[in-house]
Amino acid sequence: MGEGVPAPLDPLEQFDPEREDVACGPDECLTLVGAFDRVRQAFLEHHPQGDLELLERAFRIGREMHATQRRKSGEPYFFHPLAVAESLAHWRLDAVSVACGMLHDTVEDTLMTQAQVRAEFGEEIAEIVDGLTKMSKLAFTDKHLLNAENVRKLLVAMGKDVRVLLVKLADRLHNMKTLGVMREDKRRRIARETLELYAPLANRLGMGSVRMQLEDLAFRQLEPVSYAKLDTIIQAKQEKLSDTVEETRQLMEAVLAQNGIKAQVDCRVKHLFGLWKKMDLQGKAVEDIHDWLAYRIICPDRPSCYTALGLVHSLFKPIPGRFKDYISLPKDNGYQSIHTSVLLDSGDAFEVQIRTRGMHESAENGIASHWTYKDGRIANRSEINQVAFLRRMVELHQDSKDSRDLVANLKGELSFGRIQVFTPKGDLKSLPEGSTAIDFAYAIHTEVGHRCYGAKVNGRMMPLRQALQSGDRVEILTRPDHKPSRDWLSIAKSAGAKSKIQAFIREEERKHAIQMGRERFDRELRTAGLRFDDPELKPRFEQRLKDIKQASWDSFFAGVGFGRISIPKFIDPLLPEPERNRFKGESKKAVADAIVVDDTQGVLYYLGLCCKPVWGDDVIGYITRTRGVAIHRENCPQMQSESLHPERRITVSWGPTSKGNFDTELALATEDRPGMVAAISEAVQKLGINMQRFHAAASEEGGGLFHIALRVRNREHLLELTHALRRVKGVYSVERVRGSVFGKIK
Ligand code: MN
């Protein structure tokens, strides 16, 4: 901070309410001191010998930097960093993390620079604050919540020091608790991001309590009606059954004590989002909720957990199929507990979770619960596992060119629970829930994955598609000549398997493109009267290759095969003057440069006439033998045909801007009334669109039926148009037509 900053003081000293440069009023200052005192207390509880001086310094400077700022609610801004720091202290994190909580918004929101943070607090804190600043700059837009580049940056920042993520989670938790004053669209966006990204990340770090808080807070924002309804129903049940619930609790505690187990039994309502999601999945109404209640038995040690389980099952009727032993087979995020569900006499079901004190703390606070250091690094097996997940994601995608895969894979990786599966030798592999033998094969080795043609599960042949269960013993059958196919992408669930299959298929597609490109090139050369193996032409061919900036013949042939390199362009300069341009027009494009394949523009392609894609539609590409890439809408029935070669299907996307116009046709069903035609054409013209063709008929039901062919700039333009048409009085429906109606109407 240089000369402007006073030497460290007793942090309370500067809160002289008389001080003039303090932007908040005296009461607020005292409250700030109170808030910092809570941070200190929480921190000291877990770190009696901790670095208080650092916290005091962070408090003083953070408060100074944020002095004049206020939150939307009107309170001094610094309350927010203090609340974040308090959470971190409660999570038992170290002084560095807690200090970062107080400083996390300084570089982002105040005049303080990265260099000043480094000068004042050293490299470690500067790096974490830098990671946080970068994260908050990531622009999450509504459409692409998890934009690929952002996710990559995020993972890199978190992978370096997981405390970046921990501070971010505390930040997000407090922001979610204080969303009330924000605009609705902003609130919803933040809530969605919380649900899709931060809650799953908290889960992966084993921080169950944070995950549930985040989910419930987001649920409340996103589905206020369902949330309120569920909340009311559960509260009513709680009141009605409160006596039974308490009696049951005491009964369990007493029976356990009689059997020599000094256990603590708690009871709580399950978290609302979890209940709601389950009902939603099963298509149940909120009123039908039964298993809303959970008891938790904290046992003194591991063996007594199993004794307790036996006692619970002798007291109540267990529900078959609901028993899970995560003590013997912990979840991948380290979670350990025995789960079972039983029935009360009242007919209400409840869940019982049995675990030791240590397991309980891990389950609540995950990575934060046994935070131990060696030189600032985490030194504990389960933590390393939890963090390894972040690094693995980064590594998996380091060389991947297509960053869209990363986003899809990360979402998959985050949204599943984990299962544990045995190899024939008894080794355990951990996989996302829903994983299949293909995931398992790739978890063993890439080559085992590529060559896998079948699997034996628990000694019996099973289809590759079948989901594995925790505890399954799986044997993979391989054949040297076997290869992955594109439909494996829908069978595989784990990020690892998916990215390896994707890489393999891309390579296959490339080989195929090289072969096709080579054949086409030979053919065109012959037409032009040239031969590739002509020794006299060889140097000129090589020169042309350099001219068009291709590193090798393979990359040239691949380019031709994918349709992104034009053969006439290559050949023309080799021909005598009068012969040139003979191919002109061959590579005429429907709309110049609108399509991108593998990050490359200038691909030879055409838009499918069957579905008429317009810029912005979800599209896929299909490599044709001679006309480059055919572009179809993703749901085009032509592309579902069995006779297509799956390996020629490729991912394509639209270029950054739409140039030119796209043909499209609409069908309108209307009321039969005079003036309908005029009203429709007026609506179309208002948007600056000229109708190419127009056809009106009476429908069988006695209404009007119109077909219009027109050109639009892009999908948004088209949507604007359909909206406008739907608003025209007397229009019942507006549909996009597949193919051309005008071909059939005479
Ligand atoms: Mn913040």
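### A few points about the overall build of the protein chain
Part 1 of the argument: The secondary structure content of the protein chain amounts to 26 helices and 23 strands.
Part 2 of the argument: Counting across all 746 residues of the protein chain, residues that qualify as buried make up 49%.
Part 3 of the argument: Long-range pairs, those at least 24 residues apart, make up 66% of the contacts in the protein chain between residues at least 6 apart in sequence.
Part 4 of the argument: Surface exposure of the protein chain reaches about 36,500 Å², of which carbon and sulfur atoms provide 50%.

### Here we look at the coordination of the manganese ion
Part 1 of the argument: For the manganese ion, the protein coordination sphere consists of His80 (NE2), His104 (NE2), Asp105 (OD) and Asp171 (OD), at 2.2 to 2.4 Å.
Part 2 of the argument: Motif for the manganese ion, donor spacing along one chain: H-x23-H-D-x65-D. Pair noted here: Asp105 is in the loop between α4 (95-103) and α5 (106-109) and Asp171 is in helix α9 (residues 163-177), with a separation of 66 residues, a long-range link.
Part 3 of the argument: With relative accessibility at 7%, the residue Asp171 sits in the buried group.

### Considering the nonpolar core
Part 1 of the argument: Of all hydrophobic cores here, the largest spans 64 residues; its most connected members are Leu82, Trp91, Val98, Met102, Phe121, Ile125 and Leu169.
Part 2 of the argument: Here the element with the most residues in this core is α9; it accounts for 8 residues.
Part 3 of the argument: Membership of the second largest hydrophobic core comes to 38 residues, among which are Met252, Trp276, Cys299 and Ile327.

### Some remarks on helix α2 (residues 52-65)
Part 1 of the argument: Helix length check: α2, at 14 residues, gives a terminal C-alpha distance of 20 Å against a target of 20 Å (1.5 Å per residue), a fit within 8%.
Part 2 of the argument: The buried count for α2 comes to 11 of 14 residues, which makes it a mostly enclosed element.
Part 3 of the argument: Within α2, the full set of buried residues consists of Leu54, Leu55, Glu56, Arg57, Ala58, Phe59, Arg60, Ile61, Gly62, Arg63 and Met65.

### Description of the pattern of salt bridges
Pairs can form between side chains of opposite charge once their charged atoms are near each other.
Part 1 of the argument: What the rule picks out here adds up to 30 salt bridges.
Part 2 of the argument: Between Glu53 and Arg57 there is a salt bridge, with its nearest N and O atoms 2.9 Å apart. Remark: Arg57 and Glu53 occur in helix α2; sequence separation between them is 4 residues, near one turn of the helix.
Part 3 of the argument: Residue Arg92 pairs with Glu361 through a salt bridge whose shortest N-O separation is 3.8 Å. Residue Arg92 is found in the loop between α3 (79-90) and α4, and its partner Glu361 is found in helix α15 (residues 357-365); the two are separated by 269 residues along the sequence.

### Focus: the sheet that holds strand β12 (residues 460-462)
Part 1 of the argument: Across the sheet, 3 strands lie side by side as β12-β11-β13; this open sheet has antiparallel pairing. Strand pairing shows two members of the sheet lacking a second neighbour, β12 and β13 (474-478), which therefore form its edges. Each strand axis lies, on average, 35° off the axis of its neighbour in the sheet, ignoring direction.
Part 2 of the argument: Note: strand β11 (residues 452-457) against β12, 3 bridges, orientation antiparallel. Its bridge partner being in β12, Val457 is matched across the sheet by Arg460.

### Considerations on helix α18 (residues 437-444)
Part 1 of the argument: Across the 8 residues of α18, 6 count as buried, placing the element largely inside the fold.
Part 2 of the argument: Within α18, the full set of buried residues consists of Ala437, Ile438, Asp439, Phe440, Ala441 and Tyr442.

### Structural notes on the packing of aromatic side chains
How two aromatic rings sit relative to each other is set out by the distance from centre to centre and by the angle between their planes.
Part 1 of the argument: A complete count under the given rule lists 25 aromatic pairs for this structure.
Part 2 of the argument: A centroid spacing of 5.7 Å and a plane angle of 80° characterise the contact between Phe521 and Phe532, whose relative ring orientation is edge-to-face. Of this pair, Phe521 sits in helix α21 (residues 495-527) while Phe532 sits in the loop between α21 and α22 (538-547), placing them 11 residues apart in sequence.
Part 3 of the argument: Here the aromatic rings of Phe532 and Trp553 are separated by 5.0 Å at their centres, their planes lie at 80°, and the arrangement is edge-to-face. In this pair, Phe532 is assigned in the loop between α21 and α22 and Trp553 in helix α23 (residues 553-562), connecting sequence segments 21 residues apart.
Part 4 of the argument: By relative accessible area, which is 23% here, Phe532 ends up partly exposed.
Part 5 of the argument: Here the basic side chain of Arg479 rests over the ring of Tyr453, its NZ or CZ set 4.2 Å away from the ring centre.

### A short note on the packing of α3 against α9
Part 1 of the argument: In the contact formed by α3 and α9, the axes pass within 9 Å of each other and the chain directions differ by 120°. As summarised for this structure, α3 and α9 are arranged oblique, according to the angle between their axes. When the axes of α3 and α9 are compared, the crossing they make is right-handed. Of α9, the residues touching α3 (which contributes His80, Ala83, Val84, Ser87 and Leu88) are Leu166, Val167, Ala170, Asp171, Leu173, His174 and Asn175.

### Examining the pairing of strand β17 (residues 629-633)
Part 1 of the argument: Of all 5 residues making up β17, 5 are buried, and the element is well covered by its neighbours.
Part 2 of the argument: Here β17 shows no split at all, with Val629, Ile631 and Arg633 on one side and Ala630 and His632 on the other all buried.
Part 3 of the argument: As paired strands, strand β15 (residues 605-607) and β17 are joined by 3 bridges and run parallel to one another. In the strand pairing of β17, Tyr606 is matched with Ala630.

### Some points on unusual backbone geometry
Part 1 of the argument: Although it is not a glycine, Arg92 adopts a positive phi angle of roughly 70°.
Part 2 of the argument: A relative accessible area of 27% means that Arg92 is categorised as partly exposed.

### Notes on the environment of Lys270
Part 1 of the argument: With respect to the secondary-structure elements, Lys270 resides in the loop between β1 (264-269) and α13 (272-282).
Part 2 of the argument: The class of Lys270 is buried, set by a relative accessible area of 12%.

### Describing the sheet that holds strand β23 (residues 731-736)
Part 1 of the argument: One open sheet holds the 4 strands; their spatial order is β21-β22-β20-β23, and the pairing between them is antiparallel. Among the strands making up the open sheet, the edge pair consists of β21 (691-698) and β23. Adjacent strand axes in the sheet meet at a mean angle of 20° when their direction is disregarded.
Part 2 of the argument: Two elements, strand β20 (residues 662-670) and β23, share 5 bridges in a ladder whose sense is antiparallel. In the strand pairing of β23, Ala667 is matched with Glu735.
Part 3 of the argument: Each of β20, β21, β22 (704-712) and β23 is contacted by helix α25 (residues 676-686), which is oriented at about 20° to β22, the strand it contacts most.
Part 4 of the argument: Running over the sheet, helix α26 (residues 715-727) touches β20, β22 and β23 and is turned about 160° from β23.

### Focus on the pairing of β20
Every other side chain in a regular strand lies on the same face of the sheet, so the side chains alternate between the two faces.
Part 1 of the argument: With respect to burial, β20 is a largely interior element, 7 of its 9 residues being buried.
Part 2 of the argument: Relative to β22, β20 runs antiparallel, the two sharing 9 bridges. Paired with Leu668 across the strands is Phe706, a residue of β22.

### A few points about the confidence of the model for the protein chain
Part 1 of the argument: The predicted model of the protein chain has a mean per-residue pLDDT of 79, with 80% of residues at 70 or higher.
Part 2 of the argument: Low pLDDT, under 50, characterises residues 1-22; the predicted model gives this stretch 31 contacts beyond four residues in sequence or across chains.
Part 3 of the argument: Every residue in residues 373-379 is under pLDDT 50, and counting partners more than four places away or in other chains gives 14 contacts.

### Quick look at the side chain of Gln114
Part 1 of the argument: Turning to its location among the elements, Gln114 is positioned in helix α6 (residues 114-121).
Part 2 of the argument: The contact partners of Gln114, leaving out residues within four places of it in the chain, are Val107, Ala126, Glu127 and Asp130.

About the cut-offs
Residues numbered from 1 in each chain as written. Predicted model: local features only at pLDDT ≥ 70, side-chain atom pairs only at ≥ 80, totals over all residues. Heavy atoms only, no water. Helix = DSSP H or I, 4+ residues; strand = E, 2+ residues; numbered from the N terminus. Buried < 20%, exposed > 50% of the residue type's maximum accessible area, 1.4 Å probe, protein only. Contact = heavy atoms within 4.5 Å. Areas by Shrake-Rupley, 256 points an atom, 1.4 Å probe, with all protein chains shown as cover. Donors = N, O, S within 2.8 Å, 3.2 Å for Na, K, Ca; no water. Core = buried A, V, L, I, M, F, W, Y, C linked by side-chain atoms within 4.5 Å. Expected span 1.5 Å × (residues − 1). Salt bridge = Lys/Arg side-chain N within 4 Å of Asp/Glu carboxyl O. Pairing = 2+ DSSP bridges. Axes fitted to C-alpha atoms, helices over the stretch in contact; angles between N-to-C directions. Phe/Tyr/Trp six-rings, centres within 6.5 Å; stacked < 30°, edge-to-face > 60°. Lys NZ or Arg CZ within 6 Å of the ring centre and 35° of its normal. Parallel < 35°, antiparallel > 145°, perpendicular 65-115°, else oblique. Left-handed = near helix turned anticlockwise from the far one by under 90°. pLDDT = per-residue confidence, 0-100.

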